[in-house]
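# Tertiary structure, described
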Amino acid sequence: MTEAEAAYIAGLFDGEGTITYKKYKEKKRNGIYDCWRISMEIAMTDRSVLVWLTEVLGCGTLNKKPRKNGHKMQYRWRCVFRDCFHVCCLLFPYAHVKLGKIQQVIEHYSTIEKKDNVVNFEHYKMWIKN
């Protein structure tokens, strides 16, 4: 990714995007646990911009977001958790409006200790592409 692309994407997120960094309670079989929702998304009617965004960032999903009452079809690009952290690291030097949330995501993942039982899916992604 070039510096100009990173700056453009940061501006796109500042104007059209949303970043969610929230802790909530989730009920499981063994009790109630604190869970994190960490995600980024952009919803817009211009699909080509979001296709380009997905290609440049190399992560996230692109889906239709149907609208009612004759409104134009919207498309939503979204990434979560570690992919969100990766994108936040790329956008950090260029963001203004969403800088606070970007910093929260970066600090969240920077304070997590490295664990041996976490699987690195990059190996599997490369295997699937080939």
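What comes next is a walk through the structure. All figures in this text were calculated on a predicted structure; none of them were measured in a lab.

### Looking at the overall build of the chain
- In terms of regular secondary structure, the chain is built from five helices and four strands.
- The helix and strand sequence of the chain, counted from the amino end, reads α-β-β-α-β-β-α-α-α.
- When burial is assessed residue by residue, the chain has 28% of its 130 residues classed as buried.
- In the chain, of all internal contacts separated by at least 6 residues, the share reaching a separation of at least 24 is 57%.
- Here the chain has roughly 9300 Å² of accessible surface; of this, 51% comes from carbon and sulfur atoms.

### Observations regarding the sheet that holds strand β2 (residues 31-44)
- Strand order across the open sheet formed by four strands is β1-β2-β4-β3, with antiparallel pairing between neighbours. Each edge of the open sheet carries a strand with a single partner, namely β1 (17-28) and β3 (61-65). For this sheet, the mean inter-axis angle between neighbouring strands, taken without regard to orientation, is 35°.
- One ladder, built from five bridges, connects β3 with strand β4 (residues 74-80); its direction is antiparallel. Note that in β4 the partner of Lys64 across the bridge is Tyr75.
- Contacts from helix α1 (residues 3-16) reach β1, β2 and β4 within the one sheet, and its direction differs from that of β2 by about 110°.
- In the packing of helix α3 (residues 81-91) onto the sheet, contacts are made with β2 and β4, and the angle to β2 comes to roughly 50°.

### Some words on the packing of α3 against helix α4 (residues 99-110)
- Running from amino to carboxyl end, α3 crosses α4 at an angle of 120°, the nearest separation of the two axes being 9 Å. As the angle between them shows, α3 and α4 are arranged oblique. In terms of crossing hand, the pair formed by α3 and α4 is left-handed. Mapping the contact onto sequence places Phe81, Arg82, Cys84, Phe85, Cys88, Cys89 and Leu91 in α3 and Ile102, Val105, Ile106, Tyr109 and Ser110 in α4.

### Focus on the packing of aromatic side chains
- Here the structure, examined in full by the defined rule, presents four aromatic pairs.
- When the centroid spacing of 5.2 Å and the interplanar angle of 45° are considered together, the rings of Phe85 and Tyr109 count as tilted. Of the two residues, Phe85 sits in helix α3 while Tyr109 sits in helix α4, which places them 24 residues apart along the sequence.

### Side note on α4
- Between its terminal C-alpha atoms α4 stretches 16 Å, which fits the 16 Å expected from twelve residues at 1.5 Å a residue.
- Taken together, the buried positions of α4 are occupied by Ile102, Val105, Ile106, His108 and Tyr109. Here the buried residues of α4 occupy an arc of 160° about the axis, which is enough to place them on one side. The outward face of α4, more than 90 degrees from its buried face, is lined by the exposed residues Glu107 and Ser110.
- In this structure, the buried residues of α4 make contact with β1, β2 and α3.

### Quick word on α3
- Buried residues of α3: Cys84, Val87, Cys88 and Leu91, and no others. An end-on view of α3 places all buried positions within 105° of arc, on one side of the element.
- Taken together, the buried residues of α3 touch α1, β2, α2 (47-57), β4 and α4.

### Some points on the environment of Lys72
- Tracing the backbone shows Lys72 in the loop between β3 and β4.
- For Lys72, a relative accessible area of 61% translates into the label exposed.
- Sequence separation of Lys72 and Asp46 is 26 residues, and the distance between their C-alpha atoms is 9.7 Å.
- Beyond its immediate chain neighbours, meaning those up to four positions away, Lys72 contacts Thr45 and Arg67.

What counts as what
Residues numbered from 1 in each chain as written. Predicted model: local features only at pLDDT ≥ 70, side-chain atom pairs only at ≥ 80, totals over all residues. Heavy atoms only, no water. Helix = DSSP H or I, 4+ residues; strand = E, 2+ residues; numbered from the N terminus. Buried < 20%, exposed > 50% of the residue type's maximum accessible area, 1.4 Å probe, protein only. Contact = heavy atoms within 4.5 Å. Areas by Shrake-Rupley, 256 points an atom, 1.4 Å probe, with all protein chains shown as cover. Pairing = 2+ DSSP bridges. Axes fitted to C-alpha atoms, helices over the stretch in contact; angles between N-to-C directions. Parallel < 35°, antiparallel > 145°, perpendicular 65-115°, else oblique. Left-handed = near helix turned anticlockwise from the far one by under 90°. Phe/Tyr/Trp six-rings, centres within 6.5 Å; stacked < 30°, edge-to-face > 60°. Expected span 1.5 Å × (residues − 1). Arc of directions from axis to C-beta.

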